[in-house]
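In case you want the letters, here they are:
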Amino acid sequence: MISVCLVDDQNLVRQGVRSLLDLAEDIRVVAECADGAQAVQDIPRVKPDVVLLDLRMPNMSGLEVLQALSARNELPPTIILTTFDDDQLVLQGLKAGARGYLLKDVSLEQLVEAVRTVAGGGSLVAPMVTQRLMAGVARMQNSFTSLEQPDPLTERETEILRLLSGGYSNKEIANSLKVAEGTVKNHVSNILSKLGVRDRTRAVLKALEMGIV
């Protein structure tokens, strides 16, 4: 069972998302937070498998929630809930540690698949990237803490990075390439080191920025 925490100041949004997730047999909403301050307090206590997080909230924004929990190393896999006009904020959220983003009018299938993907260690960056987001990546590239000219990736590392960009977990990549999961983990560590980034999401963003994927 995948446990989920919903963080959104709009009660109707929380109700709508909860009603969709209730239709999935393997997902359970274990907590709801109406603002960022409550989220920072409740998430470390509840320890959900996945957080669905609105970025635009009064008092304490979703971005501040990401930053606060990341600083304390208490950020669970998190999906940003957003609208079309939040591109720059989404990029800041991804940079702060979110695993991906979904539009608030998401379908049941997309929502459930996204929660399962992120709970399994995957990310949602590349499949949902838009032209506007890509433009945002280009504008923000100088703010990423990474090497200007990373070491070249091997053919296998490039292949794995492309699979990471598709949101696949280490286990799924291992099954696809018919190698051990530990081998994939080693490749991912090498990719992060060569790109000069700290995590998978930043690796995917860096790859998008460089045109690798």
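Since this is a predicted model, take the numbers as computed values, not measurements. (Residues numbered from 1 in each chain as written. Predicted model: local features only at pLDDT ≥ 70, side-chain atom pairs only at ≥ 80, totals over all residues. Heavy atoms only, no water.)

Draft legend 1. Focus on the sheet that holds strand E3 (residues 50-54). In spatial order, the strands read E2-E1-E3-E4-E5; together these 5 strands make up an open sheet with parallel pairing. With one partner strand each, in any of the chains shown, strand E2 (27-33) and strand E5 (100-103) form the two edges of the open sheet. Strand-to-strand twist of the sheet, defined as the mean angle between neighbouring strand axes without regard to direction, takes the value 25°. Sheet strands in contact with helix H1 (residues 11-21) are strand E1 (2-7), E2, E3 and strand E4 (78-82), and its direction is about 165° off that of E2. Docked against the sheet, helix H5 (residues 108-119) engages E1, E2, E3, E4 and E5, running at close to 125° with respect to E3. (Pairing = 2+ DSSP bridges. Helix = DSSP H or I, 4+ residues; strand = E, 2+ residues; numbered from the N terminus. Axes fitted to C-alpha atoms, helices over the stretch in contact; angles between N-to-C directions. Contact = heavy atoms within 4.5 Å.)

Draft legend 2. Local environment of the packing of H1 against H5. Viewed as axis vectors pointing N to C, H1 and H5 meet at an angle of 80°, and their least axial separation amounts to 9 Å. By the criterion of interaxial angle, the relationship of H1 to H5 is roughly perpendicular. Residue-level inspection shows Val 17, Leu 20 and Leu 21 of H1 in contact with H5, the latter providing Leu 108, Leu 111 and Val 115. A class-by-class count of the residues in the contact of H1 with H5 yields 6 nonpolar, no polar and no charged. (Parallel < 35°, antiparallel > 145°, perpendicular 65-115°, else oblique. Nonpolar A, V, L, I, M, F, W, Y, C, P; charged D, E, K, R; others polar.)

Draft legend 3. Looking closely at the confidence of the model for the protein chain. Across the protein chain, the average pLDDT comes to 83, with 85% of residues at or above 70. The secondary structure element of the protein chain with the lowest average pLDDT is helix H6 (residues 131-140), at 52, and the one with the highest is E1, at 97. (pLDDT = per-residue confidence, 0-100.)

Draft legend 4. Broad picture of the pairing of E1. Within E1, 6 of the 6 residues are buried, which leaves the element mostly enclosed by the surrounding structure. The alternating pattern of E1 places Ile 2, Val 4 and Leu 6 and Ser 3, Cys 5 and Val 7 on opposite faces, both of which are buried. Sheet analysis places E1 next to E2, joined by 6 bridges and oriented parallel. Among the inter-strand pairings, Cys 5 is bridged to a residue of E2, identified as Ala 31. In this region the chain leaves E1, passes through H1 and returns to the parallel neighbour E2; the handedness of that crossover is right-handed. By the bridge criterion, 4 bridges tie E1 to E3 in an arrangement that is parallel. Across the sheet, the residue bridging to Val 4 is Val 50, located in E3. (Buried < 20%, exposed > 50% of the residue type's maximum accessible area, 1.4 Å probe, protein only. Right-handed = clockwise from strand over helix to strand, strands pointing away.)

Draft legend 5. Examining the nonpolar core more closely. In this structure, Val 7 and Leu 161 are the most contacted members of the largest nonpolar core, which totals 44 residues. Residue-level mapping places this core at the junction of two domains, with at least three residues from each of domain 1 (1-125) and domain 2 (153-208). Not counting chain neighbours up to four residues away, the residues in contact with Val 7 comprise Cys 33, Asp 35, Ala 39, Ile 43, Val 51, Leu 52, Leu 53, Asp 54 and Met 57. Counting residues in hydrophobic clusters, the runner-up holds 21 residues, among them Ile 27, Leu 111, Val 115 and Leu 124. (Core = buried A, V, L, I, M, F, W, Y, C linked by side-chain atoms within 4.5 Å. Domains from an automatic or database assignment.)

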